[in-house]
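# Structure assessment
For reference, the chains in residue letters:
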Amino acid sequence: MLIDISRSMLHHRKSSLALTPEEEPLDINRGPNETKYGLISPTPKHHLKLLLVFAHPDPVCDSLSKAADKLGFEITTSNTNIGALDEYQAKSHDLVIVDTRAKNFDNDLLCRSIRNTKGSQHTVIIAIVRKSAFERDDVTIASLLESGFNRCLIETTNVLVCVNELIVLKHCDLRTMAQHATCQAMYTALDKCRDLVIVTDDSYKFQYMNAACERQLGLRQEDTIGKTLQEQLVYDTVQINTMGSSLLRAREWSGPMTLKRKSTQETIVSNCRAVPFSCAGRMPTHFILVFDTNSIDPSNLSQSRGSIHSIRRGSTDVRSIGSDYLRRTSLAKLNALPLEAPITKIVGLIDQIRENVGSNGQLVQLIDKVEDILKGSELYVSHVKEDFRMKTDEPVVSDLITALLSKAPQPTVTASSRRSSNDSSVFRPSRTGLIKVPAAIRDLLDTALMWEFDIFKLEDLTRKRPLQHLGMNLFNHFDVCGALNCDERTLSNWLTVIEANYHAENSYHNSTHAADVMQATAGFLEKERMKSIMEPLDEATSLIAAAAHDLDHPGKSSAFLTNSNNPLAILYNDVTVLESHHAAMTFKLTLGDERVNIFKNLDRDTYKLARHNVIDMILATEMTKHFEHLAKFVNVFCTRSSVGSEIGDQSEDYAPILTAENTTLVKRMMIKCSDVSNPTRPLRLCVEWARRIAEEYFQQTDDEKARGLPVVMPMFDRQCCSIPKSQIGFVDYIINDMFEAWNAFIDMPELLTYMRQNYIRWKEFDEQNHTTLNDIQKLQATILAPSITSSIKSD
């Protein structure tokens, strides 16, 4: 269908609205491979990529390999699930053939994992089955197809038969997939097209509109589906009747069309070209309407929502289109939750006002300024006006009010030395070699910036001292010594003291978790987006906050401490108990000994800034403010043109991200994502973290029952809790939206890939009734054993 749409679109561009005579009927049933308007036929590439997955050397594999070689396929082979997935993710094969006869292969897992990889919808996956599977009525074939396989082939060692099978796959299945890929490309092109494009059915009900329609006409795709052009868009129904008389006879139509904007009901006249096409039979089933934006009077259009710079140019910034869409979808997800913040309502109302102000640039600037103020972290924190002292006759009153009401200005560091994008491509070796690292640990630490890093292996190798070894490795890599102007011995001493004050008896909140959060933070800091906006001091304090964010954690929640009248709860007035303690303990230990004080060589202002950064990031890990932090991040970084831009561009379009307050929002989101990144790690690591946190929660519930305290999490009872269900709910309500927003900002798709793969496996574990700690431990000892599922890549 879309091939025909795009062909008409291209012809429209090529002819610049030079229409064919109305008397000439259109052939609305052209085949998808014809190129009447110069559209390249979406045939597969000449050198197709084939992945053969066979557990053992096999005559069937040899025959397929010989046949593929004759047909010019580029062949890759693998004999393990993990190896096959790694090969596919690296090369994106067109065709994958899996030997499902082997009993030691988890064919269902492999196929689902591939299907959860970006772009896999255009890959054909074939299952090799025994002949008996086709000769008897059993569920083998249906089960494989439900897992995601496209087709099943009977095992054969005849090379000629294999050649013929591959030819059929190439010219049928692979060609179809190539056409689907072309369709997707055409949808992308339509969405980026500056002209307004609408597709309706033969009764003029909306089926599709591109981003330009949403932006310029004040419409939303979800609000128009099922409604007609007359109801939503076209001002004069006579024009619809005139156009319909041609379209229903399979003829193109062109002419002026009067449109109305939904919000203001103002009218806009544009040249329209309408083309009919048919999905079945000879009669038209759908109409394509293309409105030429060159024929629209710009004075009649409200400016596209974007930055002030975009409005002054009088043009549409493509980056604004994508970011606005992301913002709308992200806010829609937040609004669908059973919680909402007043600021979300306010920003939504401001957006509606902005759409109605028309082309008044000055008013739009004022509205943007109001929205920026509302996005501030503290709306009711008073600031003394700059001219207050000049208006006050009594200096004592001025000093008193200034001291009481003013927030101390945050110090800024004037010396800035941004690293180039290539500066962090390799690890910096330890300059003094203070810590002698065994070869096994050193080899493992070479992968310290990979998302698949095995933190539990480091825990074993270091005898539960992973934070000191990983911390020094990352501190040297990011040159924390240079940022803090301290020596490596002090950094090493600091890590030793910090790790010693984590409780090793905690199953989850121990130094291994701290090292894992620090490793995730380092992985985020390596991304180009973060390198461009983070100063060296920002990087150093981010790593420090990550390492110390759960310092002296007692293994119980803040609610437990409050209910039990714990001294910490009394000290902090039952407010942000644990996070306040972690931050205070960090500076108590750091400043209490000169041998440990990593801040001792900083000047006063720089120290204040470093302290502020560390405290702010640690406090951001409090989960009771999760939705508040997420809403702020979405409101700021999914508006205007902040998403998809280069930070290095100092244009006004990118000004919002360069402010200190917005950089703070980024650092908060970064440590939040690092703190709860477990569901986005490879499956084996994800399951182990889930086991550990469940054990800690179970222990808290046991203690609450034994002491007669209120049970904070009654579902975390070791007798009846389903660990898979707890993880599924955690992803649904907390992880999914946050990591989608974070990935859109940082561009790290492996986060979502692992999250979705793990989500599927937790669903399967639940369906298979693997729910208790014992069940999870049995899975870990069998299919999740490190020797089978270790996914650390060799780079």
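Residues numbered from 1 in each chain as written. Predicted model: local features only at pLDDT ≥ 70, side-chain atom pairs only at ≥ 80, totals over all residues. Heavy atoms only, no water.

All right, on to the overall build of the protein chain then. Secondary structure summary: the protein chain contains 36 helices and 10 strands in total. When each of the 795 residues of the protein chain is scored for burial, the buried share is 51%. Summed over its atoms, the accessible surface of the protein chain is roughly 36700 Å², and 53% of this surface lies on carbon and sulfur atoms. (Helix = DSSP H or I, 4+ residues; strand = E, 2+ residues; numbered from the N terminus. Buried < 20%, exposed > 50% of the residue type's maximum accessible area, 1.4 Å probe, protein only. Areas by Shrake-Rupley, 256 points an atom, 1.4 Å probe, with all protein chains shown as cover.)

Take the sheet that holds strand β8 (residues 253-260) next. Each strand in a sheet pairs with its neighbour through backbone hydrogen bonds, running either in the same direction (parallel) or in the opposite one (antiparallel). Spatial strand order, β7-β6-β10-β9-β8: 5 strands in an open sheet with antiparallel pairing. The outermost strands of the open sheet, each flanked by one partner alone, are β7 (206-209) and β8. Going from strand to strand, the sheet's axes swing by 30° on average, the running direction of each strand aside. For strand β6 (residues 196-201) and strand β10 (residues 286-291), the ladder comprises 6 bridges, and the chain directions are antiparallel. Bridge assignment links L196 to a residue of β10, and that residue is F291. (Pairing = 2+ DSSP bridges. Axes fitted to C-alpha atoms, helices over the stretch in contact; angles between N-to-C directions.)

Before going further, it helps to spend a moment on the UniProt feature "active site" (unreviewed entry) in the protein chain. UniProt's entry tags H509 with the feature "active site" (unreviewed entry), counted in the numbering of this structure. Among the structural elements, H509 can be located in the loop between α22 (488-500) and α23 (511-525). With a relative accessible area of 12%, H509 lands in the buried category. Those residues in contact with H509 that sit more than four places away from it in its chain are Y502, H503, D550, H553, I693 and E696. (UniProt positions renumbered as here; feature names shortened; annotations may be inferred. Contact = heavy atoms within 4.5 Å.)

According to the stated counting rule, one finds 25 salt bridges in the structure shown. A salt bridge links E87 to K91; the nearest nitrogen and oxygen atoms lie 4.0 Å apart. Of this pair, E87 and K91 both sit in helix α3 (residues 81-91), 4 residues apart, which is roughly one turn of the helix. What makes K91 partly exposed here is its relative accessible area of 34%. E764 is the salt-bridge partner of R112, the closest N and O atoms lying 3.2 Å from each other. Separated by 652 residues along the polypeptide, R112 in helix α4 (residues 107-115) and E764 in helix α34 (residues 750-767) bring together distant segments of the chain. Salt bridges sharing partners connect three or more residues here, namely D58, D99, R101 and E155. (Salt bridge = Lys/Arg side-chain N within 4 Å of Asp/Glu carboxyl O.)

Summed over all chains, the structure comprises 15 aromatic pairs. Over the ring of F587 we find R611; its NZ or CZ atom is 4.7 Å from the centre of that ring. The side chain of R692 reaches across the aromatic face of W689, ending 5.8 Å from its centre. (Phe/Tyr/Trp six-rings, centres within 6.5 Å; stacked < 30°, edge-to-face > 60°. Lys NZ or Arg CZ within 6 Å of the ring centre and 35° of its normal.)

Feature annotation in UniProt places "binding site: AMP" (unreviewed entry) on H509, N510, S511, T512, H513, D550, D675 and Q727, given in this structure's numbering. Position of Q727 relative to the elements: it lies in helix α33 (residues 723-746).

Time to look at unusual backbone geometry. At Y204, a position not held by glycine, the phi torsion is positive, near 70°. By relative accessible area, which is 10% here, Y204 ends up buried. Located in the positive-phi region is N485, a residue other than glycine, with phi close to 55°. Along the polypeptide, N485 turns up in the loop between α21 (480-484) and α22.

Turning our eyes to something else, we now look at α3. What α3 keeps buried is the set N81, A84, L85 and Y88. Burial along α3 is one-sided: seen end-on, the buried residues are contained in an arc of 100°. Residues of α3 that are buried sit in contact with β1 (49-53), β2 (74-78), β3 (95-99), α4 and α34. Looking one or two places after α3, you find S92, whose phi comes out positive at around 50°. (Arc of directions from axis to C-beta.)

Across the interface, α23 lies against helix α25 (residues 536-548) with an axial gap of 7 Å and an inter-helix angle of 155°. The orientation of α23 with respect to α25, classified from their angle, is roughly antiparallel. As α23 runs across α25, the sense of the crossing is right-handed. The segment α23 lies against α25, with A514, V517, M518, T521, A522 and L525 engaging E539, S542, L543, A546 and A547. Across the contact of α23 with α25, the residue classes tally to 8 nonpolar, 2 polar and 1 charged. (Parallel < 35°, antiparallel > 145°, perpendicular 65-115°, else oblique. Left-handed = near helix turned anticlockwise from the far one by under 90°. Nonpolar A, V, L, I, M, F, W, Y, C, P; charged D, E, K, R; others polar.)

We now examine the environment of A522. Looking at the secondary structure, you find A522 in helix α23. The spatial distance from the C-alpha of A522 to the C-alpha of S542 is 8.6 Å, given a sequence separation of 20 residues. Sequence-distant contacts of A522, that is, excluding residues within four places in its chain, are made with L449, L474, F478 and L543.

Look at helix α30 (residues 626-637) against α33: their axes get within 11 Å of each other, and the N-to-C directions meet at 25°. Classed by the angle they form, the pair α30 and α33 counts as roughly parallel. Viewed along their axes, α30 and α33 form a crossing whose handedness is left-handed. Of the residues in α33, those touching α30 at H626, F627, L630, F633, V634 and F637 are Y733, I734, D737, M738, A741, W742 and F745. Residues that form the contact of α30 with α33 fall into these classes: 11 nonpolar, 1 polar and 1 charged.

Strand order in the open sheet formed by 5 strands is β2-β1-β3-β4-β5, and the pairing between neighbours is parallel. The open sheet has two free edges, formed respectively by β2 and β5 (151-154), since each of these has just one partner strand. Within the sheet, the average angular offset between the axes of one strand and its neighbour, ignoring direction, is 25°. Two strands pair when backbone bridges link them, and strand β4 (residues 124-129) and β5 are joined in this way by 4 bridges, in the parallel orientation. Counterpart to A127 in the pairing with β5 is C152. Contacts between helix α2 (residues 59-70) and the sheet are confined to β1, β2, β3 and β4, with β1 contributing the most and set at about 175° to the helix. Most of the contacts of α3 go to β1, to which it runs at about 175°, and overall it touches β1, β2 and β3.

In this section: the nonpolar core. Counting 89 residues, the largest nonpolar core has L484, W494, M530 and W742 as its most contacted members. Ranked by residue count, the leading element in this core is α33, at 9 residues. For W494, the residues in contact, after removing those within four places along its chain, are F475, I544, A547, A548, T586, T590, V596 and I598. Listed in part, the 24 residues of the second largest apolar core include L196, L247, A274 and F291. (Core = buried A, V, L, I, M, F, W, Y, C linked by side-chain atoms within 4.5 Å.)

This next bit is on the side chain of H553. As for its placement among the helices and strands, H553 is situated in the loop between α25 and α26 (558-563). Discounting residues that sit within four places of it in the chain, H553 has contacts with H503, N506, H509, L578, H582 and E696.

What follows deals with the pairing of β6. For β6, a buried count of 6 out of 6 residues is recorded, marking the element as mostly surrounded by other parts of the structure. Because side chains alternate across β6, one face comprises the buried residues L196, I198 and T200, and the other comprises V197, V199 and D201, equally buried. Direction of pairing for β6 relative to β7: antiparallel, over a ladder of 3 bridges. Within β7, the position partnered with I198 by the bridge is M209. The loop that links β6 with its antiparallel partner β7 comprises 4 residues; one of these, Y204, has a positive phi angle of about 70°.

Turning to the confidence of the model for the protein chain, a few remarks are in order. When pLDDT is averaged along the protein chain, the result is 77; 72% of the residues meet or exceed 70. In the model, residues 388-392 has pLDDT below 50 throughout and makes 7 contacts with residues more than four positions away in sequence or in other chains. For residues 404-410, every residue scores under 50 in pLDDT, and the model assigns this stretch 10 contacts once sequence neighbours within four places are set aside. (pLDDT = per-residue confidence, 0-100.)

This part takes up helix α31 (residues 660-675). Helical geometry: 3.6 residues make up each α-helical turn, so side chains three or four residues apart lie on a common side. With 16 residues, α31 extends 23 Å from end C-alpha to end C-alpha; this agrees with the ideal 22 Å at 1.5 Å per step. Counting buried residues in α31 gives 14 out of 16 residues, a clear majority hidden from the surface. (Expected span 1.5 Å × (residues − 1).)

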